[in-house]
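Next come the chains, spelled out residue by residue.
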Amino acid sequence: MYRELGYAGRVTLLVLACASPTGPEPEPPGRGGYPEPRPIEMGDVQPLSWQELFNRRKLHTLSLRLDDDATAALAADPGGDQPVDIVIDNRQVGRGRLKMRGESTEQRWDGKPSFRLDLPRDDDGQVYAGTDELVLDAMVDDPAQARHLAAAAILADLGALAPAVVPATVSVNGQPFGLYAVVEVVDSLFVERHLGVPGVLWDGTEGADFGGEGLAGWEDTVPDDGRGDPADLMAVATVARSTGDDFFVQLANVVNVDTFFLVWTALAAVGHDEGYPYAPGDVYLFQADEDPRFVFLPWQVDDGWPRDFEPGAAASVLAVRCLYDEPCRRALDETLAATRASLEGSTAQRSLDDVLALTDAAMEADPRRPYASDEVAVARVQLAARLRVWAARLGP
């Protein structure tokens, strides 16, 4: 699996309505008398390792400071990046770039926006803590304020090489913005950190698949180097169209099937049916120079465990072909059985318990929390109850 490439580690549901944020309406940061931030010089930077930054057993802190011009510019154009001084876990990181992301561009400063944070590099071009970008997920669509964190922890425990996600409290210009999920970004640096071998990283954008128009959905993340060859993707599509009894043998020649099955069953473990192979797109593929078979890397999972999840209802081209091939289906069932055994061994429940214990106080104190405290409490109890019986959803 990933280790071959040098990877060394790694109840009844209620429908809860979204409530207004608790407490008084927050003022935009930069107003209300906060002092102007002192620009951080790179000489002030205090090193932080990747292991420290993504320690999931710790509630982290992120302090962001923008001057009034940058604050106003983000209010006018949330998707444009602006300079920001960054402190993580009381350590100076330096001056980076900040922008709002996704639907947060509609919330602006008076809500609880999600952010994309570009970290600085030093004078030699070296990145901070092994990464140069973070996503700060405000979790505004999750009443439990825990699904993203719990799903990432479970994927990691199962061995899937998914983006790391850790909890943090975030402040902007001294004003508390509350509990966030800090998400690792998958890019060439991610591959370098975790796999340690050169190769090509493909991003499976919306609709990406191994057939028809889906082939156009795969994007080489570094197109200028000319290393990504679309013919390799077409080779997988050719195998997927084959009707012979040797489909699984052919598939293993072009795809790292261990990682394909691992990602498939790990997504089943967290009830996420919006990523490949349950649906086209929302996945990364990696080809090592020394072994060009496609390795599957899941996107981040910011939801999960829906009531209507069906573990056998995968719709991607490769998944459907596998389900109709006996050797492929048998190999999938073996991986799924191992995943189910891990869940029955309380892996998922333990991961969720850790997340809830670590974030409970920060959730209660969150001044911009989009759900009332009792709604979050009920959602957390329901999520825990669902995880206790989830393994049974994955088969006998």
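Note that this is a predicted model, so its numbers are computed, not measured.

Chemist: Can you walk me through the overall build of the protein in this structure?
Modeler: A tally of helices and strands in the protein yields 11 helices and 11 strands. Counting over 396 residues, the protein shows a buried share of 53%. Carbon and sulfur atoms provide 50% of the accessible area of the protein, an area that totals close to 17100 Å².

Chemist: Before we go on, may I ask you to explain helix α6 (residues 247-254) in this structure?
Modeler: Owing to its 3.6 residues per turn, the α-helix aligns residues three or four sequence positions apart on the same side. Within α6, the full set of buried residues consists of F247, F248, L251 and V254. Considered in projection along α6, the buried side chains sweep an arc of 125° and stay on one side of the axis. Residues of α6 that are exposed and angled more than 90 degrees away from the buried face: V249 and N253. Lining the buried residues of α6 we find α5 (230-241), α7 (257-269), β11 (291-298), α8 (317-323) and α9 (326-344).

Chemist: Would you mind going over the sheet that holds strand β6 (residues 165-172) with me for this structure?
Modeler: Within a beta sheet, neighbouring strands are joined by backbone hydrogen bonds and run either parallel or antiparallel to one another. One closed barrel accounts for 7 strands, arranged β1-β2-β3-β4-β5-β7-β6; its pairing is mixed. Strand after strand, the sheet turns through a mean of 40° between neighbouring axes, direction not considered. Note that strand β1 (residues 60-65) and strand β2 (residues 82-88) share 4 bridges and pair antiparallel. The partner of L64 across the bridge, within β2, is I86. Where helix α3 (residues 147-158) meets the sheet, its contacts fall on β5 (133-137), β6 and β7 (175-184), and the angle it forms with β6 comes to roughly 145°.

Chemist: What's the story with the sheet that holds β11 in this structure? I'm lost.
Modeler: Strand order in the open sheet formed by 4 strands is β9-β8-β10-β11, and the pairing between neighbours is antiparallel. The strands lining the two open edges of the sheet, one partner per strand, are β9 (218-220) and β11. Going from strand to strand, the sheet's axes swing by 25° on average, the running direction of each strand aside. As judged from the 6 bridges shared by strand β8 (residues 199-204) and strand β10 (residues 283-288), these two strands associate in the antiparallel manner. Its bridge partner being in β10, V200 is matched across the sheet by Q287.

Chemist: Please explain the side chain of D132 as it appears in this structure.
Modeler: Here D132 shows up in the loop between β4 (115-118) and β5. Looking at D132, its side chain comes within polar contact range of the side chain of R121, at 3.0 Å. Not counting residues up to four positions away in its chain, the partners in contact with D132 are L117, D118, L119, R121, V127, D187 and L189.

Chemist: Please explain the confidence of the model for the protein as it appears in this structure.
Modeler: Atomic detail in the predicted coordinates should be set aside for any region of low pLDDT. Scored by pLDDT, the protein comes out at a mean of 86, with 86% of its residues at no less than 70. Within the protein, the element-level pLDDT minimum falls on helix α4 (residues 188-194), averaging 90, and the maximum on β6, averaging 98. Residue range residues 3-28 is modelled with pLDDT below 50. Its contacts to residues more than four positions away, or to other chains, number 62 contacts.

Chemist: Mind showing me how you'd approach the packing of aromatic side chains here?
Modeler: What characterises a pair of aromatic rings is the spacing of the ring centres plus the angle enclosed by the ring planes. If you walk through the whole model with that rule in mind, you get 17 aromatic pairs. Ring centres 6.1 Å apart and planes at 40° place the aromatic pair W109 and F115 in the tilted group. Put simply, the rings of F210, W218, F248, F260, F261, W264, Y276, F294 and F296 touch in pairs and so form one group of aromatic residues. The ring of F247 is capped by R321, whose NZ or CZ atom sits 4.3 Å from the centre of that ring. Cation over ring: R368 sits above F177, and NZ or CZ is 3.7 Å from the ring centre.

Chemist: What should I look at first to understand the state of the cysteines in this one?
Modeler: Under the counting rule described, the total for this entry stands at 1 disulfide. Here C322 engages in a disulfide with C328; their sulfurs sit 2.0 Å apart. Torsion about the S-S bond of the C322 and C328 cystine: about -100°, corresponding to left-handed handedness. The exposure classification of C322 matches that of C328, with both residues buried.

Chemist: Would you mind showing me how to read a negative patch on the surface here?
Modeler: The grouping of D141, D273, E274, D302, D308 and E310 at the surface amounts to a negative patch. Structurally, D141 is set in the loop between β5 and α3. Assessed through its relative accessible area of 64%, D141 is described here as exposed.

Chemist: How should the packing of α6 against α9 be read in this particular structure?
Modeler: Helix-helix packing: each pair is described by the crossing angle between the helix axes and the interaxial distance. It is at 7 Å that the axes of α6 and α9 come closest, and there the two elements cross at 60°. Residue-level inspection shows F247, F248 and L251 of α6 in contact with α9, the latter providing P327, C328 and A331. Taken together, the residues of the contact of α6 with α9 break down into 6 nonpolar, no polar and no charged.

Chemist: What's the story with the environment of A377 in this structure? I'm lost.
Modeler: Of note, A377 is situated in helix α11 (residues 373-393). Along the backbone, A377 and E364 are 13 residues apart, and their C-alpha atoms lie at a distance of 9.6 Å.

Chemist: Where do I start with unusual backbone geometry in this structure?
Modeler: For the bond from Y276 to P277, the omega torsion is 10°, close enough to zero to count as cis. Structurally, the position occupied by P277 is in the loop between α7 and β10. Notably, N90 is not glycine yet its phi reads approximately 65°, a positive angle. Although it is not a glycine, M139 adopts a positive phi angle of roughly 55°.

How each quantity is defined
Residues numbered from 1 in each chain as written. Predicted model: local features only at pLDDT ≥ 70, side-chain atom pairs only at ≥ 80, totals over all residues. Heavy atoms only, no water. Helix = DSSP H or I, 4+ residues; strand = E, 2+ residues; numbered from the N terminus. Buried < 20%, exposed > 50% of the residue type's maximum accessible area, 1.4 Å probe, protein only. Areas by Shrake-Rupley, 256 points an atom, 1.4 Å probe, with all protein chains shown as cover. Arc of directions from axis to C-beta. Contact = heavy atoms within 4.5 Å. Pairing = 2+ DSSP bridges. Axes fitted to C-alpha atoms, helices over the stretch in contact; angles between N-to-C directions. Polar contact = N/O pair within 3.5 Å; in protein donor to acceptor, adjacent residues only side chain to side chain. pLDDT = per-residue confidence, 0-100. Phe/Tyr/Trp six-rings, centres within 6.5 Å; stacked < 30°, edge-to-face > 60°. Lys NZ or Arg CZ within 6 Å of the ring centre and 35° of its normal. Disulfide = S-S within 2.5 Å. Patch = residues over 30% accessible without salt bridge, like charges linked within 9 Å, V, L, I, M, F, W, Y side chains within 5 Å. Salt bridge = Lys/Arg side-chain N within 4 Å of Asp/Glu carboxyl O. Lys, Arg positive; Asp, Glu negative; His and termini not counted. Charge placed at Lys NZ, Arg CZ, Asp CG, Glu CD. Nonpolar A, V, L, I, M, F, W, Y, C, P; charged D, E, K, R; others polar.

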